[in-house]
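# Understanding the architecture of this molecule
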Amino acid sequence: MSAAQHQALVLGGVSFVAFIFFLCFLLPSRRTKFSVFAACNLLFVALMFSAVALVDLSGGRTEIMVAVMTELPVVLIVAWVCLALAGGLPAQLGTLPAEPVVRRPWLRAMLASAPLVLLFSLGLATIVGLLWPSPAMRVYAPAPPQFFVLKGLIMVPEGLYSGLAALVFVMAGRAPGLKRRFYVKNLAFSVGMVCIASIASESTVFAGLRVWLGGEGRRATLEPLNTLEACLAIACILAFTAGLSLRYTPAVATTLLHRLQTGWLRTQEQFESLEWRAVSAGAADRLSHASDAVVEACRIKGLSESDTQKALATIRLVAVMKDPSGETQYITPGAARKLYELQEEILCDDVLASKISWAAGWRSRASEPQTVKSAPLHDALKAALDLVDNDGESEGVLTPPLWYYIVAVSAADAKMIDPAHVSMQLRDGAEHRATVEAYDAAKRALRALEALRQRMEDRPG
Amino acid sequence: MRVDVPKRDLTGPFLGKLAGFWRPLRSLSVAQARVDGTRPLLTAAEFQEELAILGLSGRRFEPEDYSDALGEYLDISIAVHVIPDSWHPELSRLLAISGRLGELRYSEQLNIAAIFVPGSLPPLVLTLTILHELGHLAAGDLLIEPDESDEDDQHAGEAKFTTLPLKKGKKLARGDPFAEESLREREANLRASYALFAGCLGDDSPHAFDMYDVL
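Parameters at a glance
- Residues numbered from 1 in each chain as written.
- Chains lettered and ligands numbered in written order.
- Predicted model: local features only at pLDDT ≥ 70, side-chain atom pairs only at ≥ 80, totals over all residues.
- Helix = DSSP H or I, 4+ residues; strand = E, 2+ residues; numbered from the N terminus.
- Rg over C-alpha atoms; globule rule 2.2 N^0.38 Å.
- Buried ≥ 20, exposed ≤ 12 C-beta atoms within 10 Å, placed from the backbone.
- Contact = placed C-beta atoms within 7 Å.
- Nonpolar A, V, L, I, M, F, W, Y, C, P; charged D, E, K, R; others polar.
- Pairing = 2+ DSSP bridges.
- Axes fitted to C-alpha atoms, helices over the stretch in contact; angles between N-to-C directions.
- Parallel < 35°, antiparallel > 145°, perpendicular 65-115°, else oblique.
- Left-handed = near helix turned anticlockwise from the far one by under 90°.
- Domains from an automatic or database assignment.
- Core = buried A, V, L, I, M, F, W, Y, C linked by C-beta atoms within 7 Å.
- Expected span 1.5 Å × (residues − 1).
- Arc of directions from axis to C-beta.

## Brief notes about the overall build of chain A
Within chain A, the regular secondary structure consists of 18 helices and two strands. Computed over its C-alpha atoms, the radius of gyration of chain A comes to 37 Å, more than 25% above the 23 Å expected for a compact globule of 461 residues. Sorting the 461 residues of chain A into buried and exposed places 43% on the buried side. In chain A, the share of contacts with a sequence separation of at least 24, taken over all contacts with a separation of at least 6, comes to 74%.

Pasting the structure below:
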């Protein structure tokens, strides 16, 4: 077996073992588009080197073609990695660029040019090789200067792009606040790309030594380099395997996020904005007196701000749902029930429910942000449905909170709902009677305030 | 949204004639671009790219942070005015009757944008309305010259929609604004919802995670 066949056997063996490892361990557990592509490349490289080891392919242009074919998988891997970092892969293979690339358009353009430049260089090297054949596959044989040109055309761009990709992986891994798993993952890919860049540099030096180093010293110098190349290849495969095997599952899946966006968020926004429009445009005119009385009754009963907000949200919903005008036609018990059910779905997921929040106002960092649970709308929807929906689907309120009594009394008083239904629902107990008294007191206070205001306005001067 | 486009000083007769020759040529080039320039609606992944440009990808942020970062990137001053109902009782009613929730004004000359929203809006709607108007700024919708906007009927189910090329001004989005106003509104809504979720989730967002795991 010649030295070339021996080297091909070693590299072919390494590639084959790596392919088997990918096939048995990596692909079943974590199949990404890149890992499948890398596995195919490893198989191709293993077959190519096996062919070189088994069949003597030395001589003329065949040797050049075999040399180019063995370089092709590495070129394709580097091109894929660069394109993936630039976010230039087709949509079905992945679209997002690496975070550090997004803010640097020049870096993005450089990385995106990798496939074109690398394949062009490979094509040019093939032409050079076919025009001036050289012993490309005979490892230690002296070579003409054209061989150095051929190697340089392939290895210099490959080394540059690999180095650039390694740098981008390091930058991505060093992003502040990044989870440790991503740091290690990007570091592993960076090591893998550094190995490819090192192999490219080593190959260029190797080709130069074959051209310009003569005599016995040549083989003695080239042999350690050959061993180094095999070690770098193994290190590269191990680094990529480590990077690919590290997985991270985000707390919220893409499909769930999409569902929330098109389901809950759209529904709640439409519901709340339509309700606001209806109220602001003057529909539900019974609301203004009722809401003032509700606020005053809440104050008399010493309710918290949060409970007062819930009471207000409920009376507004009841007023809009019971308003016969055209502006309020979309705020129906059916729409309210749909939104309530979507909110309940979110609340079933503790992680999600705690994460989704929005500010209570513009530049109001001092106040707590609202969540689906804490926002007054959630309890208000349930309460409004209990009061309005007489179709039997509503479950009723077993032990209603005080603010619910106030809203029920207010809604009955404003003839938004049937007073008999309220009396029946609240079982006409002591709490109900106390609330009616508080509500009457609130109305008296408001009437007195209104009379005072009127007298002040009528006073001459 | 309203845009104050600065008037060009073409008062000289020579410049006037030149402008007369130029107008049909420019219309021709715009028409050509309309035929060629199409793109689909913004995806969550593309929005994540925009956030990365603003330095907000993988971070929890409030609409204020998004507004500040966008203003800094576009090199304009963005002011958000939440008007309490007691100040202008008619504002809410007028907006509600016109079917709008907020108003965006932009002055190219002064390099300022102002968003006006009524304070009586429910908090979630207020947040989304502000993000919606900021979305118009990010998309470069305000850089469209009034005579270029196109109301051609396009099928809602189409995957790609006609865009308008911009000759000047800076925008955050990679793609040009849509020619049809309803699509610009739809995309501003999408941007608002993406921004809300991205701001809530921070590095738990699956799209933020994709940018650190490209292979």
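Picking up where we left off.
## Comments concerning the overall build of chain B
Across its full length, chain B carries seven helices and six strands. The order of α-helices and β-strands along chain B, N terminus first, is β-α-β-α-α-β-α-β-β-α-β-α-α. Summarising the internal contacts of chain B: among those between residues at least 6 apart in sequence, 71% fall at separations of at least 24.

## Notes on the interface of chain A and chain B
Across the boundary between the two partners, chain A contributes 52 residues, which contact 43 residues of chain B. At the level of secondary structure, the elements contributing two or more residues to the side of chain A that touches chain B comprise helix 3 (60-85), helix 4 (99-102), helix 8 (180-212), helix 9 (216-245), helix 10 (254-280) and strand 1 (357-358) of chain A. Per-element tally for the side of chain A that touches chain B: the top contributor is helix 10 of chain A, with 11 residues. Broken down by class, the residue content of the side of chain A that touches chain B amounts to 28 nonpolar, 15 polar and nine charged.

## Section: the pairing of strand 5 (residues 112-118) of chain B
It is a general feature of regular strands that their side chains alternate between the two faces of the sheet. All names here are of chain B. In terms of strand pairing, strand 3 (residues 77-83) meets strand 5 through seven bridges, oriented parallel. When the sheet's bridge partners are listed, Ser77 is paired in strand 5 with Ile112. The sheet contact formed by strand 4 (residues 103-107) and strand 5 spans five bridges and is antiparallel. Within the sheet, the bridge partner assigned to Leu104 lies in strand 5 and is Ile115. In this antiparallel pair of consecutive strands, strand 4 and strand 5, the connection spans four residues, and Asn111 shows a positive phi of 60°.

## Here we look at the packing of helix 2 (residues 44-54) of chain B against helix 6 (residues 181-201) of chain B
Residues and elements named next belong to chain B. Helix 6 packs onto helix 2 with a crossing angle of 65° between their chain directions and a minimal axis gap of 10 Å. Taken together, the axes of helix 2 and helix 6 lie roughly perpendicular to each other. In terms of crossing hand, the pair formed by helix 2 and helix 6 is right-handed. Residues Ala44, Phe47, Gln48 and Leu51 of helix 2 pack against Arg191, Tyr194 and Ala198 of helix 6. A class-by-class count of the residues in the contact of helix 2 with helix 6 yields five nonpolar, one polar and one charged.

## Points about the packing of helix 16 (residues 402-413) of chain A against helix 18 (residues 430-458) of chain A
Residues and elements named next belong to chain A. Across the interface, helix 16 lies against helix 18 with an axial gap of 9 Å and an inter-helix angle of 60°. Taken together, the axis directions place helix 16 and helix 18 in an arrangement best described as oblique. Here helix 16 runs over helix 18; the crossing is right-handed. Residues Tyr405, Ile406, Val409, Ser410 and Asp413 of helix 16 form the contact with helix 18, whose own contacting residues are Glu431, His432, Thr435, Val436 and Tyr439. Partitioning the contact of helix 16 with helix 18 into residue classes produces five nonpolar, three polar and two charged.

## Digging into the environment of Lys415 of chain A
Residue and element names in this part refer to chain A. Assignment of secondary structure puts Lys415 in the loop between helix 16 and helix 17 (419-425). Judged by the 11 C-beta atoms lying within 10 Å of it, Lys415 falls in the exposed class. When the C-alpha positions of Lys415 and Leu426 are compared, they lie 17 Å apart, and in sequence the two are 11 residues distant.

## What about the domain arrangement of chain A?
As assigned here, chain A comprises domain 1 (3-245) and domain 2 (254-355 + 370-451). The centre of domain 1 of chain A, based on its C-alpha atoms, is set 66 Å off from the matching centre of domain 2 of chain A.

## Considerations on the nonpolar core
All names here are of chain A. Of all hydrophobic cores here, the largest spans 194 residues; its most connected members are Val78, Cys82, Leu85, Val318 and Ala384. Both domains that meet at this core, namely domain 1 (3-245) and domain 2 (254-355 + 370-451), each give it at least three residues. Every residue in contact with Val78, bar those within four places of it in the chain, is listed here: Ala114, Leu118, Glu158, Tyr161, Ser162 and Ile196.

## Things to note about unusual backbone geometry
Phi at Lys415 of chain A is positive, roughly 60°, even though this residue is not glycine. A positive phi angle is found at Asp75 of chain B, which is not glycine, with a value near 60°. Among the structural elements, Asp75 of chain B can be located in the loop between helix 3 (63-74) and strand 3. By the C-beta count within 10 Å, which is 8 here, Asp75 of chain B ends up exposed.

## A word on helix 6 (residues 114-131) of chain A
Residue and element names in this part refer to chain A. With 18 residues, helix 6 ought to run about 26 Å at 1.5 Å a step, and its terminal C-alpha atoms sit 26 Å apart, in line with that. The complete set of buried residues in helix 6 reads Ala114, Leu118, Leu122, Ala125, Thr126, Val128 and Gly129. Seen along its axis, helix 6 keeps its buried residues to an arc of 165°; they face one direction. Those residues of helix 6 that are exposed and aimed more than 90 degrees away from the buried face are Leu116, Gly123 and Leu131.

## Here's the deal with helix 4 (residues 89-98) of chain B
Every α-helix winds through 3.6 residues per turn, so residues three or four apart in the chain are directed the same way. All names here are of chain B. Residues of helix 4 that are buried: Ser92, Leu95 and Ala96. Taken end-on, helix 4 shows its buried residues confined to a sector of 100°, consistent with a single buried face. For helix 4, the exposed residues set more than 90 degrees away from the buried face come down to Pro89, Glu90 and Ser98.

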